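# Topology and contacts: notes
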Amino acid sequence: MDRETGRPGTGLRTDPRTPSARVARTPRPRLPQGVPGAPPPPAARRPRRRGLRLSAAVGVGLLLAGGGIVAVDRLGQDRAATPLTPAGRALAAAEAGRPAALADLEALIGERRQRVRREPADRGSWAVLGAALAERAARSGAPGAYTEAERALQRSLAQGGTPDVRALTGLAVLAAARQDWAGAVRWGEAARDRGPGRAAAYRVLLEAYTGTGDAKGADRALERLRKVRPGPVAEVAAAWVHRERGWREDAEATVYDAAARAATPAERAAALSRAGDLAWERGEAETALARYEGALRAEPEHDGAAAGRARALAGLGRSEEALAAWARARAAAPRPGYAVESGELLLALGRSGEAADHFALARHQAAALARDGVRQEQVLGRLEADHGDPAEAVRLMADEHRRHPGPAASGALGWALHKAGRSAEALPRLRAAVKDGPNTAQPAYHLGMVHLALGERGAARRQLTRALRLAPEFSPLHAERARRELAALGEPAWGPPPA
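Residues numbered from 1 in each chain as written. Predicted model: local features only at pLDDT ≥ 70, side-chain atom pairs only at ≥ 80, totals over all residues. Heavy atoms only, no water.

### Here's the deal with the overall build of the chain
Each helix and strand in the chain was counted, giving 25 helices and two strands. For the chain, the residues scored as buried account for 57% of the 499 residues in total. Accessible area for the chain stands at about 19800 Å²; split by element, carbon and sulfur atoms hold 52% of it. (Helix = DSSP H or I, 4+ residues; strand = E, 2+ residues; numbered from the N terminus. Buried < 20%, exposed > 50% of the residue type's maximum accessible area, 1.4 Å probe, protein only. Areas by Shrake-Rupley, 256 points an atom, 1.4 Å probe, with all protein chains shown as cover.)

Take a look at the structure:
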């Protein structure tokens, strides 16, 4: 695969871990039958497992992509009592290590609320309620939901005795949703030690170790997840790990396998949404759109698929449909990043007044989430760098980089430095983000613009060309800027240097 373009090349892949540059032939994977966006293919070969080197960019994405988890596994008594009710289905999904349907999750929350009102000292019911609330908070992004979940989980622990493993895992999920990676490691390891055979702990630890920059820990967590609960949930997580390493073919083969093996609509939505993300980053907007729409048919409330659909529609020039899709995504989960992206689309359309309203909404949502303990430095840093106060962006991202070093934070800090007029300081950070992070268009664009500001025309031309080759419509605002700058740079001079 071409590392510059992210597209299939000769079919040869060089393994970067070995000095001898071992070469393996890997066919480009295709979607399995029934997955939107592809004809019926032959079965794809499963990718080889390899060690991980992850960036903090994965963050809470894996948790949300997998649809979340109710942090309860083996609740035989509960499952036997209500095997066919929505609440029972949510418990059964948790027992199998699968995401619960949102409607079933709501039913479980309602049922456990009633139970703890009747039996306020029921430690297990408080743990189940808190874990379900933590999942809903991670998936809905609603302010207030995080605090409600924390209260229920702490109520379980306050009953005394040996801590309920479901409460420990729920607290780890909640910390990850708040991007408190140190807390997620602490609670996740406690849950793992109490219940080493439970998939939930390993899923959240994969996120948490990534957030703290512990690649070896993340490696172990993924391997244990695959052993304890093999199947689509683990494979969706693995696919994003491969994506972070730049192994696109491995990522695609893995996520397609997950889509083919999905046993529930929530599993299918998670896999198809990630397949859409991979297609979008490869510059294939039509294919991405088909996959996102397939995910939304499986789970209409899936906000990640709704946001992906909005990006794909914007990339296809269907701007009004894209704005409506962004409204759908914001309704499903009021995440500040969605308001920023929809604002940038409006800005690209020349509707600056409406764009300013969207940016104000993003700040309001970020402030509400911060009051609920959810960190928003990444989103606010991007917003301030491009549409606000670049000096404030530098402050936010320097703090984020100190807490969570990695390619994502390094790249965001580098871009903030550039926008604040400190391009020479930005250059090494952006180089690191391109070298160590996923092979996507935005880091290449940022690096190209920094080279341009420093007068390095050849390097700027290479990186801007690379960004547009990876994804010609990676941003409704910045892709057009990249094209303008490339046109101004012109073609390189191929003749001999002047005497």
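### Quick look at the nonpolar core
In a soluble, globular protein the nonpolar side chains are often hidden away together inside. Leu108, Leu129, Tyr146 and Leu206 are the most contacted members of the largest nonpolar core, which has 52 residues in total. For Tyr146, the residues in contact, after removing those within four places along its chain, are Ala137, Gly141, Leu174, Ala177, Arg178, Leu369, Asp372 and Val374. Membership of the second largest hydrophobic core comes to 35 residues, among which are Ala259, Ala285, Ala325 and Leu346. (Core = buried A, V, L, I, M, F, W, Y, C linked by side-chain atoms within 4.5 Å. Contact = heavy atoms within 4.5 Å.)

### Section: unusual backbone geometry
Of note in the backbone geometry, Gln179 takes a positive phi value of approximately 60 degrees without being a glycine. Position of Gln179 among the secondary structure elements: in the loop between α7 (165-177) and α8 (181-194).

### Things to note about the packing of aromatic side chains
One pass over the full model with this rule turns up three aromatic pairs. On the numbers, 5.8 Å between centres and 45 degrees between planes, the contact of Trp326 with Tyr338 is tilted. You can see Trp326 sitting in helix α16 (residues 319-332) and its partner Tyr338 sitting in helix α17 (residues 336-348), a full 12 residues away along the chain. Judged by its relative accessible area of 9%, Tyr338 falls in the buried class. Measuring from ring centre to ring centre gives 6.0 Å for Trp415 and Tyr445, while their planes differ by 45 degrees; the resulting arrangement is tilted. One end of the pair, Trp415, is in helix α21 (residues 407-419); the other, Tyr445, is in helix α23 (residues 441-453), and 30 residues separate them in sequence. Judged by relative accessible area, which is 5%, Trp415 ranks as buried. Here the aromatic residues Trp415, Tyr445 and Phe474 are joined through ring pairs into a cluster of three or more. (Phe/Tyr/Trp six-rings, centres within 6.5 Å; stacked < 30°, edge-to-face > 60°.)

### A few points about α17
For α17, with 13 residues, the first-to-last C-alpha span of 19 Å sits near the 18 Å given by 1.5 Å per residue. Taken across its 13 residues, α17 has 11 buried, putting it largely inside the fold. Of the residues making up α17, those classed as buried are Pro336, Gly337, Tyr338, Ala339, Val340, Glu341, Ser342, Gly343, Glu344, Leu345 and Leu346. Each element contacted by the buried residues of α17 is listed here: α15 (303-315), α16, α18 (352-371), α19 (377-387) and α25 (478-489). (Expected span 1.5 Å × (residues − 1).)

### A word on the confidence of the model for the chain
With 81% of its residues at a pLDDT of 70 or more, the chain has an overall mean of 83. Counted against residues more than four places away or in other chains, residues 1-82, with its pLDDT under 50, gives 231 contacts. (pLDDT = per-residue confidence, 0-100.)

### So, the pattern of salt bridges
Oppositely charged side chains can pair when the atoms bearing their charge come close. Summed over all chains, the structure comprises 37 salt bridges. One salt bridge connects Arg166 with Asp164, and the closest N-O pair in it is separated by 2.5 Å. A relative accessible area of 14% means that Arg166 is categorised as buried. Its relative accessible area of 10% is what places Asp164 among the buried residues. Linking Glu252 and Arg282 is a salt bridge whose minimum nitrogen-to-oxygen distance equals 2.1 Å. One end of the pair, Glu252, is in helix α12 (residues 248-261); the other, Arg282, is in the loop between α13 (265-281) and α14 (285-298), with 30 residues separating them in the sequence. (Salt bridge = Lys/Arg side-chain N within 4 Å of Asp/Glu carboxyl O.)

### Structural notes on helix α9 (residues 199-212)
Helix length check: α9, at 14 residues, gives a terminal C-alpha distance of 20 Å against a target of 20 Å (1.5 Å per residue), a fit within 8%. By the criterion of burial, α9 is predominantly enclosed, with 13 of the 14 residues buried.

### Description of the environment of Ala360
Within the fold, Ala360 resides in helix α18. Sequence separation between Ala360 and Val340 is 20 residues; the distance between their C-alpha atoms is 9.0 Å.

### Things to note about the packing of helix α11 (residues 232-245) against α12
Contact geometry for α11 and α12: axes closest at 8 Å, N-to-C directions at 165 degrees. By the angle between their axes, α11 is roughly antiparallel relative to α12. α11 and α12 meet at a crossing whose hand is left-handed. In this structure, α11 contributes Pro232, Glu235, Val236, Ala238, Ala239, His242 and Arg243 to the contact, and α12 contributes Asp250, Ala251, Thr254, Val255, Ala258 and Arg261. Split into classes, the residues belonging to the contact of α11 with α12 amount to seven nonpolar, two polar and four charged. (Axes fitted to C-alpha atoms, helices over the stretch in contact; angles between N-to-C directions. Parallel < 35°, antiparallel > 145°, perpendicular 65-115°, else oblique. Left-handed = near helix turned anticlockwise from the far one by under 90°. Nonpolar A, V, L, I, M, F, W, Y, C, P; charged D, E, K, R; others polar.)

### Here's the deal with the packing of α12 against α13
Look at α12 against α13: their axes get within 8 Å of each other, and the N-to-C directions meet at 155 degrees. By the angle between their axes, α12 is roughly antiparallel relative to α13. Note on packing geometry: the crossing formed by α12 with α13 is left-handed. Contacts from Arg248, Ala251, Glu252, Val255, Tyr256, Ala258, Ala259 and Arg261 in α12 reach Glu267, Arg268, Ala271, Leu272, Arg274, Ala275, Leu278 and Glu281 in α13. In terms of residue class, the contact of α12 with α13 is built from nine nonpolar, no polar and seven charged.

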